[in-house]
Amino acid sequence: MRRVRGKQIAMVLQDPMTSLNPALTIGTQVGEVLTLHQGLHGRRLRDRVLDALARLRIGAPATRLGQYPHQFSGGMRQRVSSAIALACAPRVLIADEPTTSLDVTIQAQYLDLLKEVQRSAGLAIILVTHDFGIVAANADRVAVMYAGKIVEMGTTLQVFNHPAHPYTRALLKCLPDVGLKRAELVEIGGQPPDLARLGPGCPFAPRCPERQPVCDETFPPAIAVEDGHVASCWVATAANASPA
Ligand code: SF4
């Protein structure tokens, strides 16, 4: 797995301030992955580190590579983390809440940059997020997870326009509508289950308004509700996949 991680599959974590090593320069941290996986040293290593930083639009990379994480802004630190992740041209990038620590403007710039790199490199990105706006603007396909399992999966249009799983529908209802004045915020009642004590049935059952007797007994299989759109729910059918 160590041969695969960093080379074929890479990851960008939530908070670059904790994922970057504060005691090592940026150049050392970007270079480490290139030395480990591609055996680069010296001049060739330095050139590749400069390329990796320039690709993520980090200005004056020759100066920046001798600096430490605290000398970068939050957005720039996340670009450095991405430069490390993308340095070896992986096939898949897992981006776990990569914009949580960024403000909205920097978040949009960062996601645009990531999309550009994704297109130019033919990279697949698995974007883990709680933000439906980011999903709608960036994802081709969406997998909705509950209690550690995928409960619905389809194209972004399918999941947003015809959510088939009650949990997905509940999540979409929680989105505030800025056009509605004084409307109450909707929430999903109850609590997520204890993952160490999951029963045999559907883990969403205690919170589900559409719960049936069978839901408590057996975990629902994935049912195709449309071409390329599946949901794990006993009542999910093409007929009840409701328009959002
Ligand atoms: S399987 Fe039953 S409890 Fe689970 S989401 Fe579907 S209707 Fe609700």
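**Digging into the confidence of the model for the protein chain**
Here the protein chain averages 91 in pLDDT, while 97% of its residues score no lower than 70. Confidence scores differ between elements of the protein chain, with helix α1 (residues 16–19) showing the lowest mean pLDDT of 86 and strand β4 (residues 141–146) the highest of 98.

**So, the pairing of strand β2 (residues 92–96)**
Residue alternation in β2 divides its side chains into a buried set, Leu93 and Ala95, and an unburied set, Val92, Ile94 and Asp96. Where strand β1 (residues 9–12) and β2 come together, four bridges link them in parallel fashion. Bridged to Ala10 within β2 is Leu93. Here five bridges tie β2 to strand β3 (residues 124–128), and the two strands are oriented parallel to one another. Bridging from a neighbouring strand, Leu93 pairs with Ile125 of β3. In this fold, the crossover linking β2 to β3 by way of helix α6 (residues 104–121) has right-handed handedness.

**Structural notes on the environment of Ala164**
Mapped onto the elements, Ala164 comes out in the loop between α8 (156–161) and α9 (166–173). Distance from Ala164 to Glu226, taken between C-alpha atoms, is 9.7 Å for residues 62 residues apart in sequence.

**Topic: α6**
Taking 1.5 Å as the rise per residue, α6 with 18 residues should run 26 Å; its terminal C-alpha atoms sit 26 Å apart, in good agreement. Three or more residues of α6 are buried, namely Gln107, Tyr110, Leu111, Leu113, Leu114 and Val117. Looking straight down α6, one finds that the buried residues subtend no more than 160 degrees of arc, so they occupy a single side. Turned more than 90 degrees from where α6 packs its buried face, Val104, Thr105, Arg119 and Ser120 sit exposed. On its buried face, α6 sits against β1, α3 (42–55), α5 (74–86), β2, β3 and α7 (132–138). The N-cap residue of α6 is Asp103: its side-chain oxygen and the backbone nitrogen of Thr105 are 3.2 Å apart.

**Observations regarding the packing of aromatic side chains**
Tallied over the entire structure, the rule returns four aromatic pairs. Ring geometry for Phe132 and Phe160: centres 5.4 Å apart, planes at 90 degrees, overall edge-to-face. Here the residue Phe132 occupies a position in helix α7, and Phe160 occupies one in helix α8, the gap between them amounting to 28 residues. You'll find Phe132 and Phe160 in the same group, each marked buried. An aromatic cluster is built from Tyr146, Tyr167 and Phe204, whose rings are joined through pairwise contacts. Directly above the ring of Phe72 sits Arg64, whose terminal nitrogen or CZ lies 4.1 Å from the centroid. The positively charged end of Lys149 is found above the aromatic ring belonging to Phe219, 5.2 Å away from the centroid.

**Digging into the domain arrangement of the protein chain**
Domain boundaries assigned for the protein chain yield domain 1 (9–138) and domain 2 (143–232). Once you take the C-alpha centre of each, domain 1 and domain 2 turn out to be 33 Å apart.

**Observations concerning α5**
Taking 1.5 Å per residue, 13 residues should reach 18 Å; α5 reaches 18 Å between its end C-alpha atoms and fits that length. Where burial is concerned, most of α5 is hidden: eleven out of the 13 residues are buried. Against the buried residues of α5 lie β1, α1, α2 (26–38), α3, β2 and α6.

**Focus on the pattern of salt bridges**
Counted under the stated rule, the structure contains five salt bridges. Among the ionic pairs, Arg57 bridges to Glu116, the shortest N-O distance being 2.5 Å. Of this pair, Arg57 sits in the loop between α3 and α4 (61–64) while Glu116 sits in helix α6, and the two are 59 residues apart along the sequence. Since its relative accessible area comes to 42%, Glu116 is described here as partly exposed. Of the charged contacts in the structure, one is a salt bridge between Glu210 and Arg169, with a shortest N-O distance of 2.9 Å.

How each quantity is defined
Residues numbered from 1 in each chain as written. Predicted model: local features only at pLDDT ≥ 70, side-chain atom pairs only at ≥ 80, totals over all residues. Heavy atoms only, no water. pLDDT = per-residue confidence, 0-100. Helix = DSSP H or I, 4+ residues; strand = E, 2+ residues; numbered from the N terminus. Buried < 20%, exposed > 50% of the residue type's maximum accessible area, 1.4 Å probe, protein only. Pairing = 2+ DSSP bridges. Right-handed = clockwise from strand over helix to strand, strands pointing away. Expected span 1.5 Å × (residues − 1). Arc of directions from axis to C-beta. Contact = heavy atoms within 4.5 Å. Polar contact = N/O pair within 3.5 Å; in protein donor to acceptor, adjacent residues only side chain to side chain. Phe/Tyr/Trp six-rings, centres within 6.5 Å; stacked < 30°, edge-to-face > 60°. Lys NZ or Arg CZ within 6 Å of the ring centre and 35° of its normal. Domains from an automatic or database assignment. Salt bridge = Lys/Arg side-chain N within 4 Å of Asp/Glu carboxyl O.

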